[in-house]
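Survey of secondary and tertiary structure
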Amino acid sequence: LGVGWFPNAGTQGSLPYYFFVPLCYSILLFDGVRAWAFCALVLAEPMGLTLLEHQLPGLLTPFQSERDRLIDISTGLVVSGGTCSLIIWMAVTSYRRERQRLRVALDALTRSEDRFEKMFQVNPDAVFLFDAEKGTFTDVNHGFTQLTGWRREDTMNRTATALGLWVDLS
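Our subject in this report is the structure included herewith. Only a predicted model underlies this, so the values are computations on that prediction, with no experimental measurement involved.

1. A look at unusual backbone geometry
Trans is the common state for peptide bonds, and a negative phi is the common state for residues other than glycine. Positive phi values are uncommon outside glycine, yet Asn157 reaches one of about 60°. Tracing the backbone through its elements, the reader meets Asn157 in the loop between α6 (152-155) and α7 (160-163). Given a relative accessible area of 58%, Asn157 falls into the exposed group.

2. Observations concerning the side chain of Glu53
Its location among the elements puts Glu53 in helix α3 (residues 32-55). The charged side chain of Glu53 is buried without a salt bridge, its nearest counter-charge being Arg69 at 9.3 Å. When near neighbours in sequence (up to four residues on either side) are disregarded, Glu53 contacts Phe6, Ala9, Gly10, Thr11, Gln12 and Leu60.

3. Description of the pattern of salt bridges
Here the structure, examined in full by the defined rule, presents five salt bridges. Between Arg101 and Glu98 there is a salt bridge; the shortest N-O distance is 2.6 Å. Here Arg101 and its partner Glu98 are both found in helix α4 (residues 66-122), three residues apart, which amounts to about one turn of the helix. With relative accessibility at 46%, the residue Arg101 sits in the partly exposed group. You can call Glu98 partly exposed: its relative accessible area is 35%. With a closest N to O distance of 2.8 Å, Arg152 and Asp139 form a salt bridge. Of the two residues, Arg152 sits in helix α6 while Asp139 sits in strand β2 (residues 136-140), which places them 13 residues apart along the sequence. Residue classification places Arg152 among the partly exposed residues on the basis of a relative accessible area of 36%. A single network of salt bridges, built from pairs that share partners, joins Arg151, Glu153 and Asp154.

Calculation criteria
Residues numbered from 1 in each chain as written. Predicted model: local features only at pLDDT ≥ 70, side-chain atom pairs only at ≥ 80, totals over all residues. Heavy atoms only, no water. Helix = DSSP H or I, 4+ residues; strand = E, 2+ residues; numbered from the N terminus. Buried < 20%, exposed > 50% of the residue type's maximum accessible area, 1.4 Å probe, protein only. Lys, Arg positive; Asp, Glu negative; His and termini not counted. Salt bridge = Lys/Arg side-chain N within 4 Å of Asp/Glu carboxyl O. Contact = heavy atoms within 4.5 Å.

Structure below.
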C-alpha cells in the first residue's frame, strides 16, 4: 500500500496513517522476535519512502488544493482508525472467547479431580500415589493407612524403605 500510494503526495498525504494498521497486526498476531522483525519492516517502509521523497521529489504528485489534501488525510484517518478498531475488536472478542473456553475446561478439570479424589479416598484397598523419580509417596488413601498402620501425614515424601514396609527389599 505504501509504495503504491506514495506518489500521491508522499508524506504530505494520508500515507503515514496507513502504517498503524500493520503495526496493530504485528503487536496482536506475532510475538517475540517475529513481532519485532515485523515492526522493523513496517517502520522501514515509511522511513525509506521519506528518504526517497527527499532524494527524488519529482516522483510525487502534489495536491491540487488544500481541500484535496484535507479529503485525503481525512480518508486516511477514517480508514486507518476503522481498520485498527476492527483489529482490536477482533482481538478482544477472541480473548474473551478463549477465556470462556478456558473457564469451561478448568471447571471440567476441577470436577474430574474431585471425582478422582473421592474414588481414591473411599477405595477400601490400599492405594497410593508415588513419585517414581524420587521414589517417595505423594499420597495414600485410608485403605493404605489401615493396612500399614502409618498415618497419611507420616508417609508423605518418604520412601517405602524408610517406612519399613517391605520385609525383603528384593
